[in-house]
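Remarks on the overall topology
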Amino acid sequence: MKNSALKGALGALAVVGIALAAKKIAQRKRFMQGIFNEYGIKERSPFGLADRIREMNDEQYQELKGKFKKEFSSRCCRKDSKDNTVEA
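Residues numbered from 1 in each chain as written. Predicted model: local features only at pLDDT ≥ 70, side-chain atom pairs only at ≥ 80, totals over all residues. Heavy atoms only, no water.

1. Some remarks on the packing of aromatic side chains
Enumeration according to the criterion identifies three aromatic pairs in this entry. Ring geometry for Phe31 and Phe68: centres 5.6 Å apart, planes at 85°, overall edge-to-face. Here Phe31, found in helix α1 (residues 4-38), pairs with Phe68, found in helix α3 (residues 58-72); they are 37 residues apart in sequence, far enough to count as distant. Pair check on accessibility: Phe31 and Phe68 agree, each one buried. Geometrically, the ring pair formed by Phe31 and Phe72 is edge-to-face, given 5.5 Å between the ring centres and 85° between the ring planes. Residue Phe31 is found in helix α1, and its partner Phe72 is found in helix α3; the two are separated by 41 residues along the sequence. An aromatic cluster is built from Phe31, Phe68 and Phe72, whose rings are joined through pairwise contacts. (Phe/Tyr/Trp six-rings, centres within 6.5 Å; stacked < 30°, edge-to-face > 60°. Helix = DSSP H or I, 4+ residues; strand = E, 2+ residues; numbered from the N terminus. Buried < 20%, exposed > 50% of the residue type's maximum accessible area, 1.4 Å probe, protein only.)

2. A few points about the packing of helix α2 (residues 46-55) against α3
The interhelical angle for the contact between α2 and α3, taken along N-to-C directions, is 140°, at an axis separation of 9 Å. When the axes of α2 and α3 are compared, the pair comes out oblique. When the axes of α2 and α3 are compared, the crossing they make is left-handed. Where α2 abuts α3, its residues Leu49, Arg52 and Ile53 lie against Gln60, Tyr61, Leu64 and Phe68. The residue makeup of the contact of α2 with α3, split by class, is five nonpolar, one polar and one charged. (Axes fitted to C-alpha atoms, helices over the stretch in contact; angles between N-to-C directions. Parallel < 35°, antiparallel > 145°, perpendicular 65-115°, else oblique. Left-handed = near helix turned anticlockwise from the far one by under 90°. Contact = heavy atoms within 4.5 Å. Nonpolar A, V, L, I, M, F, W, Y, C, P; charged D, E, K, R; others polar.)

Rendered as structure tokens:
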């Protein structure tokens, strides 16, 4: 039973990881629901989104593409760290 503290700590860490993943999934689901509502897409599937994209003009498409890039971009390995630099 000497590893019971380690097992407890790993179990707690797993619960926190699952909670963070569930939070991220809920945020992305809300984002996609907002996109569907904003663009009037009735069919809540990738096919409905693709049909709507085909109907868009170039300006609307670029706006939608920017929203997706902003929401789904990776935040872990950015090369431009403007937020963390300090001018001397």
